[in-house]
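# A look at the structure
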Amino acid sequence: MASVLTHFRNDGAAHMVDVGTKDVTHRVAVAEGRIEMRRETLRRILEGGHDKGDVLGIARIAAIQAAKRTSDLIPLCHPVPLTRIEVDLDAGGDGDAVRCRARAETVGRTGVEMEALTAVQVGLLTIYDMCKAVDRGMTIAGVRLVEKSGGRSGHWSADTVEEDQVR
């Protein structure tokens, strides 16, 4: 784990990290989050009874598009040529909520954590946007990096970190 904030120079000014000397490796990141809502809102999503159309299908496309545009949204994030972005939306399996899980992959010099996290956030925001007319009280929660691999720091898992904190 890095001991310094890499997006700041010694004088404190923000800069884009030079990744030119990093090894090209297969890099993977998985992120997840959920949007909690009223039971009636979830029912409408599941039954396809929403006036705006296929909420989950549109959220999936929005998440994929967001992953591809991450460097346009996060100022110091490198443009990353994604080799894969997979987005799964699970509605109702976790209470009155939709869970979004995104897996981003590349073969390159920098990781894809930001792409996976951005995909999850935008997917969940899209659900909010499409359903806000019937449920303005929806809550986006638990957005986090679940796992990453590749690069100099190797494999990292939130499960391992949580286990270490319990010990």
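Throughout this document, residue positions are counted from 1 along each chain, in the order its sequence is written. Only residues with pLDDT of at least 70 are given local features in this predicted model, and only at 80 or more are side-chain atom pairs given and counted; all residues enter the totals for whole chains, interfaces and linings. By convention in this description, side-chain values take in all heavy atoms of the structure and omit both hydrogens and water.

Strands are runs of DSSP state E lasting at least 2 residues, helices are runs of H or I lasting at least 4, and numbering of each runs from the N terminus. If you tally the helices and strands in the protein chain, you get five helices and five strands. Taken from N to C terminus, the helices and strands of the protein chain fall in the order β-α-α-α-β-β-α-β-β-α. In what follows, residue pairs with any heavy atoms lying within 4.5 Å of each other are defined as contacts. Across the protein chain, the fraction of contacts at a sequence separation of at least 24, relative to all contacts at a separation of at least 6, is 69%. About 9,700 Å² of surface is accessible on the protein chain, with carbon and sulfur atoms providing 52% of the total. Using the Shrake-Rupley algorithm and a 1.4 Å probe, accessible areas are obtained, with residue cover drawn only from the displayed protein chains.

Turning our attention to the side chain of Glu 115. Looking at the element boundaries, Glu 115 is found in helix H4 (residues 113-131). Buried residues are those whose accessible area, probed at 1.4 Å on protein chains only, stays under 20% of the maximum for their type, while exposed residues exceed 50% and partly exposed ones sit between those limits. Positive charges come from Lys and Arg, negative ones from Asp and Glu, while His and the chain ends are left out of the count. The salt bridge criterion pairs a side-chain nitrogen of Lys or Arg with a carboxyl oxygen of Asp or Glu, the two atoms within 4 Å. No salt bridge is formed by the buried Glu 115; its nearest oppositely charged neighbour, Arg 27, is found at 10 Å. Aside from chain neighbours lying at most four places away, what touches Glu 115 is Ala 67, Thr 70, Cys 77, His 78, Val 80, Leu 82 and Ala 104.

Inside soluble globular proteins, nonpolar side chains tend to come together where they are buried. Counting 30 residues, the largest nonpolar core has Met 37, Leu 89, Val 98 and Ile 127 as the members making the most contacts within it. When contributions to this core are tallied by element, the ones reaching two or more residues are strand S1 (25-36), helix H1 (39-47), helix H2 (55-68), strand S2 (82-91), strand S3 (97-108) and H4. Sorting elements by how many residues they give to this core places H4 first, with seven residues. When near neighbours in sequence (up to four residues on either side) are disregarded, Met 37 contacts Leu 42, Ile 45, Asp 96, Val 98, Ile 127, Asp 135 and Met 138. Side-chain atoms within 4.5 Å link the members of a nonpolar core, which is a set of buried Ala, Val, Leu, Ile, Met, Phe, Trp, Tyr and Cys residues.

Being paired, for any two strands, means DSSP has found at least two bridges between them. Strand order in this open sheet of five strands is S2-S3-S1-S4-S5, and the pairing throughout is antiparallel. Of all strands in the sheet, those with a lone pairing partner are S2 and strand S5 (156-157), marking the two edges. Bridge count between S2 and S3: nine bridges; the pairing is antiparallel. Bridging across to S3, Ala 91 finds its partner in Val 98. Each of S2 and S3 is contacted by H2, which is oriented at about 150 degrees to S2, the strand it contacts most. Here H4 sits on the sheet in contact with S1, S2, S3 and strand S4 (139-149), set at roughly 25 degrees to S1. As a rule, the C-alpha atoms of each element are fitted with a line to give its axis, helices using only the stretch in contact, and angles between N-to-C directions run from 0 to 180 degrees.

Here we come to the environment of Val 107. Looking at the element boundaries, Val 107 is found in strand S3. On the basis of relative accessible area, Val 107 is assigned to the partly exposed category, the value being 47%. Once the C-alpha coordinates of Val 107 and Pro 81 are considered, the two residues, 26 residues apart in sequence, prove to be 7.8 Å apart. Beyond its immediate stretch of four places on either side in the chain, Val 107 contacts Val 24, Thr 25, His 26 and Thr 83.

This brings us to the packing of H2 against H4. Direction vectors running N to C along H2 and H4 enclose 145 degrees, while the axes themselves pass 7 Å from each other. When you trace H2 past H4, the crossing you get is right-handed. The residues of H4 that touch H2, namely those facing Val 55, Leu 56, Ile 58, Ala 59, Ala 62, Ala 63, Ala 66 and Ala 67, are Glu 115, Thr 118, Ala 119, Val 122, Gly 123, Thr 126, Ile 127, Met 130 and Cys 131. By the definition used in this description, the sense in which the near helix is turned from the far one sets the handedness, with an anticlockwise turn below a right angle giving left-handed and a clockwise turn giving right-handed.

What follows deals with a nonpolar patch on the surface. Nonpolar side chains collect at one region of the surface, where Leu 73, Ile 74 and Met 114 lie side by side and expose about 240 Å² of accessible area between them. Locating Met 114 in the fold gives a position in helix H4. Taking relative accessible area as the criterion, Met 114 reaches 34% and is therefore assigned partly exposed. What makes a patch is a set of residues exposed beyond 30% relative accessible area and free of salt bridges, joined within 9 Å when like-charged and within 5 Å when nonpolar (Val, Leu, Ile, Met, Phe, Trp, Tyr).

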